[in-house]
Amino acid sequence: MADIETSTVSEEGYASTSQVGEFDLQIDATDETGPNPNATLVATYASCYLPAFRVGGSQRGEEELGKIQIDASAELDDDDDLESIAFDVHVEADLDDETAADIAERAEGICHVHSALREGLHADVSVYPGAF
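The structure presented is a predicted model; accordingly, all values stated were derived computationally and were not measured.

Moving on to the overall build of the chain. Along the backbone of the chain there are three helices and six strands. Once the C-alpha set of the chain is aligned to its principal axes, its extents read approximately 50 × 40 × 30 Å. Here the chain holds 132 residues, and the buried ones make up 29% of them. The long-range fraction of contacts in the chain, counting pairs at least 24 apart against all pairs at least 6 apart in sequence, stands at 55%. With an accessible surface of roughly 8400 Å², the chain has 46% of that area assigned to carbon and sulfur atoms. Side chains of the chain give 5 positive and 31 negative charges; the mean places of these two sets differ by 11 Å.

This is how it looks when you write it as structure tokens:
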């Protein structure tokens, strides 16, 4: 049996509903009834990277990172395929540059979405400590 199973249905048009466990996820290629697949992928990547950043902080002895916010951006190529992704990671804790960079690198190794993406699409990460 598979570790993850989903079911995605589209009755018409370009919108679909994915059943993911007990949750419904609305995705629409035209952005009319939900986010498009590329935007959903970028948000999923950020939502995986954020807890990985917390775990990386914990591994580094930084247990109290406080509020963390990732502002993600992505560039599309002429075929509307994802070309690049960038994360601006705003962290409440006042970390020095070396610690922030180490935590960011550790998070890359922990984040399952990061591992699943082709290397050329890994997020370019900038960390801003003392942000809140």
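This paragraph deals with helix α2 (residues 97-110). Here α2 is 14 residues long and its end C-alpha atoms lie 20 Å apart, about the 20 Å a rise of 1.5 Å per residue gives. All buried positions along α2 are accounted for by T99, A100, I103, A104 and A107. Within α2, the buried residues cover an arc of 135 degrees as seen down the axis, which keeps them to one side. Counted as exposed and oriented over 90 degrees from the buried face of α2: D97, E98, E105 and G109. Turning to α2, the residues buried within the fold contact α1 (37-59) and β6 (124-128).

Turning next to the sheet that holds strand β1 (residues 6-9). If you trace the three strands from one edge of the open sheet to the other, you get β1-β2-β3, paired in antiparallel fashion. The open sheet has two edge strands with one neighbour each: β1 and β3 (23-28). When strand polarity is set aside, the average angle formed by the axes of neighbouring strands in this sheet is 20 degrees. Across four bridges, β1 lies against strand β2 (residues 15-20) in antiparallel orientation. Residue S7 lies in a different strand from β2, and its bridge partner there is Q19.

Often the size quoted for an interface is simply the accessible area lost on bringing the parts together. For the chain, the assigned domains are domain 1 (1-35) and domain 2 (36-118). Between the C-alpha centres of domain 1 and domain 2 there is a distance of 24 Å. In this assembly, seven residues from domain 1 lie in contact with four residues from domain 2. Of the roughly 350 Å² buried between domain 1 and domain 2, counting both surfaces, carbon and sulfur atoms make up 65%. Together, I27, D31 and P35 form the three largest contributors to the area buried by domain 1 at its contact with domain 2, with a combined 75%. On inspection of domain 1 and its partner domain 2, the count reaches zero salt bridges. Inspection of the domain 1/domain 2 interface yields one residue pair in polar contact (both at pLDDT 80 or more).

The rules behind each value
- One numbering rule holds for all chains: residues counted from 1, following each sequence as written.
- Only residues with pLDDT of at least 70 are given local features in this predicted model, and only at 80 or more are side-chain atom pairs given and counted; all residues enter the totals for whole chains, interfaces and linings.
- Values shown for side chains rest on all heavy atoms present in the structure; no hydrogens or waters enter the calculation.
- Only DSSP runs of H or I with at least four residues qualify as helices, and only runs of E with at least two residues qualify as strands; both kinds are numbered from the N terminus onward.
- The buried label applies to any residue whose accessible area, calculated with a 1.4 Å probe on protein chains only, is under 20% of its type's maximum; exposed applies above 50%, and partly exposed to all values in between.
- Residue contacts are defined here by distance: any two heavy atoms, one from each residue, within 4.5 Å place the two residues in contact.
- Method for areas: the Shrake-Rupley scheme with a 1.4 Å probe, in which residue coverage is limited to the protein chains shown.
- Asp and Glu are treated as the negative residues and Lys and Arg as the positive ones, with His and the ends of the chain left uncounted.
- Working definition for charges: the position is that of NZ of Lys, CZ of Arg, CG of Asp or CD of Glu.
- Multiply 1.5 Å by the residue count of a helix minus one, and that product is the helix's expected span.
- Note: the arc covers the axis-to-C-beta directions of the helix.
- Two strands make a pair as long as DSSP finds a minimum of two bridges between them.
- Convention adopted: a line fitted to C-alpha atoms gives each axis, helices being fitted over their contacting stretch, and angles between N-to-C directions are expressed from 0 to 180 degrees.
- In this entry, domain limits derive from an automatic or database-based domain assignment.
- Two parts placed together each lose some accessible area; with a 1.4 Å probe, that loss summed over both constitutes the buried area.
- Any Lys or Arg side-chain nitrogen located within 4 Å of an Asp or Glu carboxyl oxygen qualifies as a salt bridge.
- Under this definition, polar contacts are N or O atom pairs within 3.5 Å; protein pairs additionally need one hydrogen-donor-capable and one acceptor-capable atom, and for neighbouring residues in sequence, both atoms have to be side-chain atoms.

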